[in-house]
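Here is what each chain is made of, one letter per residue.
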Amino acid sequence: MADERMQVNEPDVNQLRKVRREKLKGLQAEGKDPFRITVYDQEHHTEQVKAMFLAEEAKEQPEALQVSLAGRLMQKRVMGKASFCNLQDRDGNIQVYATRDMLGEEPYAAFKKLDVGDIVGVKGEMFRTEKGEITVRAKEITLLSKCLQILPEKYHGLTNTDIRYRQRYVDLIMNPEVKDTFIKRSKIISAIRRYLDERGFMEVETPMLVENAGGAAARPFVTHFNALDEDKKLRISLELYLKRLIVGGLERVYEIGRVFRNEGLDIKHNPEFTLMELYQAYTDYEGMMRLTEDMYRTVAEEVLGTTVLEYKGQTIDIGKPWKRMTMTEAVKKYSGVDFDQITTLEEARAAAAEKNVEIQPRHSIGEIMNEFFDAYVEDNLIQPTFITNHPIEISPLTKKDPENPGKVLRFEMFMNGWEMCNAYSELNDPIDQRERFKAQEAQLAAGNDEANTTDEDFLNALEIGMPPTGGIGYGIDRMVMLFTGAEAIRDVLLFPTMKTLGKQDAQKAEKEKSAEGLTADLECACNTCPSQEACKAAQEAEKAAPAEEKIDFTGVEIEPLFKDYVDFETFSKSDFRVVKVLACEAVPKSKKLLKFTLDDGTGTDRTILSGIHAFYEPEELVGKTLVAITNLPPRPMMGLESCGMLLSALHKVNGEERLNLLMVDPHMPAGAKLY
């Protein structure tokens, strides 16, 4: 009965939309079409008028304050001849008091017909109610734009993250903290620009469509330029063009812009993101360290008013002197492996095998050390830390350390376990740079699709002559995440990259829309049914029903069954459980592993790592119901412990391996045991 009552009381959204459209038609018929209005005299904003009122109120003889506001109607309480509503604009919200006596009978009747979500203009006088709330006594209310959709319910807001990211405009309306995040983002970028401009840096713009996407270890997006009939790439970095400008004598340049990397989606990665790179002639990576530390503090003080950040229970103090460690020291401290004592590739591979570090056959000693760093060190670097002296193999654009030619003059800055920036004493020797490009080409041929390729024009620029230069690249989105407390990069991108809704979802939506759109004047095709509407609806639903899918398995190859028997008692001790995917993300620096956070029914989240990234993107697995073996001993992988195994089905089609996670009916509760 309770369920039936809930269904009865639940509003018919489609009927509410229909009512709003009918209201609009009525206004248009009366010559009051709000969409014909082109301008409104918005003289004030809500927080501004509150401050103005408080200042006036403090005077010995305050005067009446007349205001003109515009914004979105967010609440409305109609009480006969007098009503209250809430107006929300860019800065905040304010209460509005509307009466029939003040507005007039016809305008008040029009006000009562307004809907939550409508955009209105309000002119009136400021006063304070008996309950002490600063309010506008409306003398005039003008409908400026009609809201034809239904906003989410006020107290629950918009919480579904998928809808929030896809419909950011609704998210900004319903969640004030989201608007605050993006206001702070804008202030952070403005503060960075002021900081650099005051120090003689010049902001420039460089191409996004390039022939050679270099400057970083990343796979580019490829597109085709029809006019020239040439393939182009979207830039993955700003570096090589900015260095050309240093060659040209501009000395201090920076750019803040979008770059594009053809990689997976997770809480720290989006395929398009905001990067800032700057280059300064006649300094080195030590100069970049000083600039970084000072800039972070300056921006934090200006935007946040403090140099102490609170992020998910961690206190990060950027006001204290920042730590420094070499990469070798950091790897030794957190993994126990000293790469100063490793002299052969075989020794490095053996250490990786012992510590369960994922490596590739093509990896050199330096690259293996970098994999150790990713697996064991990054997550421990909570306070701001400069990691220096990287292996030359992973630093193709950086000057060698004169005292140790196997290392380079480079640092990465880490905070909260994240890489926040990457800086070099820039390589300006064109002969050395050509050799580095050759080594990168060899890596590309060996299967490293993130390796750089030779850029002849850049080499030509270096031959013209580039002065000693320090350069650095900052991930602006991660900086904003830390400064605003955002948990995922999508929370600081107004319009993050989202997976296109599938055809199946589109068909389902179209089917529901068709069923909802049936009107009372539909006629039954057979003209004999007592309920023509019901008959027609049934026929439409039958037409919309998808045909049963026929799957061709003729090209599928299945692995032969095991012929050896397994001890029954041993196997029966395997604990197969239904699990719900609470979160899923790519493991940093691993092309294979996904990290699952699972509800296994115990009340404690379970972490399982699975090497299935080639077959699934993390976001599509969140919310799925899977099956896992939960009583396997923890297994260390990439510095994380995997506590169990997810079940998958593996097969081949025309020699290509395919994998499918075992997904089960979502009605099964987490923790249900399989027998």
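Because the structure is predicted, anything quoted here is derived from the model rather than measured.

Caption draft 1: View of the pairing of strand β25 (residues 625–629). Summarising burial for β25: five of the five residues are buried, a large majority. Side chains of β25 alternate between two faces, with Thr 625, Val 627 and Ile 629 and Leu 626 and Ala 628 buried alike. With five bridges connecting them, strand β22 (residues 576–586) and β25 associate as antiparallel partners. Within the sheet, the bridge partner assigned to Arg 577 lies in β25 and is Ala 628. Summarising the sheet, β25 and strand β28 (residues 645–646) pair through two bridges and their orientation is antiparallel.

Caption draft 2: Quick look at the sheet that holds strand β9 (residues 230–234). Reading across the sheet, the three strands line up as β7-β9-β8 and stay open at both edges, with antiparallel pairing between neighbours. At either margin of the open sheet sits one strand with a lone partner, and together these are β7 (209–210) and β8 (222–225). In the sheet, β8 pairs with β9 via four bridges, with the strands oriented antiparallel. Looking at β9, one finds that Thr 223 is bridged to Lys 232.

Caption draft 3: Main features of helix α13 (residues 365–377). An ideal rise of 1.5 Å per residue puts 18 Å on 13 residues; α13 measures up with 17 Å between its terminal C-alpha atoms. Residues Gly 366, Glu 367, Ile 368, Met 369, Asn 370, Glu 371, Phe 372, Phe 373, Asp 374, Ala 375, Tyr 376 and Val 377 constitute the buried set of α13. Contacts from the buried residues of α13 go to α11 (327–335), α12 (345–354), β15 (385–388), β17 (404–408), β18 (410–415) and α14 (430–445).

Caption draft 4: Highlighting the packing of aromatic side chains. Scanning the entire structure with this criterion turns up 13 aromatic pairs. For the ring pair Phe 571 and Phe 576, a centre distance of 5.9 Å and an interplane angle of 50° mean the geometry is tilted. Judged by its relative accessible area of 47%, Phe 571 is partly exposed. Note on Phe 576: relative accessible area 16%, which makes it buried. Here the aromatic residues Tyr 285, Tyr 296, Trp 322, Phe 386, Phe 411 and Phe 483 are joined through ring pairs into a cluster of three or more. Lying over the aromatic face of Phe 127, Arg 137 brings its terminal NZ or CZ to 4.0 Å of the ring centre. Directly above the ring of Tyr 195 sits Arg 199, whose terminal nitrogen or CZ lies 3.5 Å from the centroid.

Caption draft 5: Representation of empty space enclosed by the protein. Overall, the coordinates contain one cavity of 30 Å³ or more when judged by the stated rule. The space that makes up the largest cavity amounts to roughly 70 Å³. Taken together, Val 210, Asn 212, Ala 213, Gly 214, Arg 235, Ile 236, Ser 237, Leu 238, Glu 239, Leu 240, Tyr 241 and Asp 455 form the lining of the largest cavity. Take the lining of the largest cavity: its biggest share by element is three residues, from helix α9 (residues 239–247). Across the lining of the largest cavity, the residue classes break down as six nonpolar, three polar and three charged.

Caption draft 6: Broad picture of the side chain of Thr 181. If you trace the backbone, Thr 181 turns up in helix α8 (residues 176–197). The residues touching Thr 181, leaving out its near neighbours within four places in the chain, are Thr 484, Asp 491 and Val 492.

Caption draft 7: Examining the confidence of the model for the protein more closely. Across the protein, the average pLDDT comes to 89, with 91% of residues at or above 70. In this model, residues 1–8 is a region of pLDDT below 50 whose contacts with residues beyond four sequence positions or in other chains number zero contacts. A low-confidence stretch, residues 514–532 stays under pLDDT 50, and its non-local contacts, those more than four residues away or across chains, total 15 contacts.

Caption draft 8: Unusual backbone geometry, seen in detail. Positive phi, close to 50°, is recorded for Lys 312, a residue that is not glycine. Note on placement: Lys 312 falls in the loop between β12 (308–311) and β13 (314–317). You will see that Asn 389, though not glycine, has its phi angle at about 55°, which is positive. Within the secondary structure, Asn 389 sits in the loop between β15 and β16 (400–401).

Caption draft 9: Spotlight on the sheet that holds strand β1 (residues 66–79). Spatially, the five strands close up into a barrel ordered β1-β2-β3-β5-β4, and their pairing is mixed. Adjacent strand axes in the sheet meet at a mean angle of 55° when their direction is disregarded. Two elements, β1 and strand β2 (residues 82–88), share seven bridges in a ladder whose sense is antiparallel. Bridge pairing in β2 links Arg 72 to Gln 88.

Caption draft 10: A look at the packing of α11 against α13. It is at 9 Å that the axes of α11 and α13 come closest, and there the two elements cross at 50°. Between α11 and α13, the crossing angle belongs to the class labelled oblique. Along this stretch, α11 crosses α13, giving a crossing that reads as left-handed. Along the contact surface, α11 presents Met 327, Thr 328, Ala 330, Val 331, Tyr 334 and Ser 335, while α13 presents Met 369, Asn 370, Phe 372, Phe 373, Tyr 376 and Val 377. Taken together, the residues of the contact of α11 with α13 sort by class into nine nonpolar, three polar and no charged.

Caption draft 11: Just the nonpolar core, in detail. Counting residues in each nonpolar core, the largest one holds 47 residues, and the members touching the most others are Ile 192, Met 276, Leu 278, Tyr 296, Phe 411, Met 415 and Phe 483. Top contributing element to this core by residue count: helix α10 (residues 285–303), with nine residues. Those residues in contact with Leu 278 that lie beyond four places of it in its chain are Leu 196, Phe 201, Val 253, Tyr 254, Met 288, Leu 291, Gly 470, Gly 471, Ile 472 and Tyr 474. One finds Leu 69, Val 96, Phe 111 and Met 126 within the second-largest nonpolar core, a separate group that totals 23 residues.

Caption draft 12: The environment of Thr 625, seen in detail. Locating Thr 625 in the fold gives a position in strand β25. Assessed through its relative accessible area of 3%, Thr 625 is described here as buried. Along the chain, Thr 625 and Met 663 lie 38 residues apart, while their C-alpha atoms are 5.6 Å from each other. Engagement of the side chain of Thr 625 in a polar contact is seen with the side chain of Lys 580, the distance being 3.0 Å.

Thresholds, definitions, all that
- Residues numbered from 1 in each chain as written.
- Predicted model: local features only at pLDDT ≥ 70, side-chain atom pairs only at ≥ 80, totals over all residues.
- Heavy atoms only, no water.
- Buried < 20%, exposed > 50% of the residue type's maximum accessible area, 1.4 Å probe, protein only.
- Helix = DSSP H or I, 4+ residues; strand = E, 2+ residues; numbered from the N terminus.
- Pairing = 2+ DSSP bridges.
- Expected span 1.5 Å × (residues − 1).
- Contact = heavy atoms within 4.5 Å.
- Phe/Tyr/Trp six-rings, centres within 6.5 Å; stacked < 30°, edge-to-face > 60°.
- Lys NZ or Arg CZ within 6 Å of the ring centre and 35° of its normal.
- 1 Å grid on protein atoms, 1.4 Å probe; cavity = no way out; pocket = protein on both sides within 12 Å on 5 of 7 lines; lining within 4 Å.
- Points joined across faces, edges and corners; volume = space filled by probe spheres on them.
- Nonpolar A, V, L, I, M, F, W, Y, C, P; charged D, E, K, R; others polar.
- pLDDT = per-residue confidence, 0-100.
- Axes fitted to C-alpha atoms, helices over the stretch in contact; angles between N-to-C directions.
- Parallel < 35°, antiparallel > 145°, perpendicular 65-115°, else oblique.
- Left-handed = near helix turned anticlockwise from the far one by under 90°.
- Core = buried A, V, L, I, M, F, W, Y, C linked by side-chain atoms within 4.5 Å.
- Polar contact = N/O pair within 3.5 Å; in protein donor to acceptor, adjacent residues only side chain to side chain.

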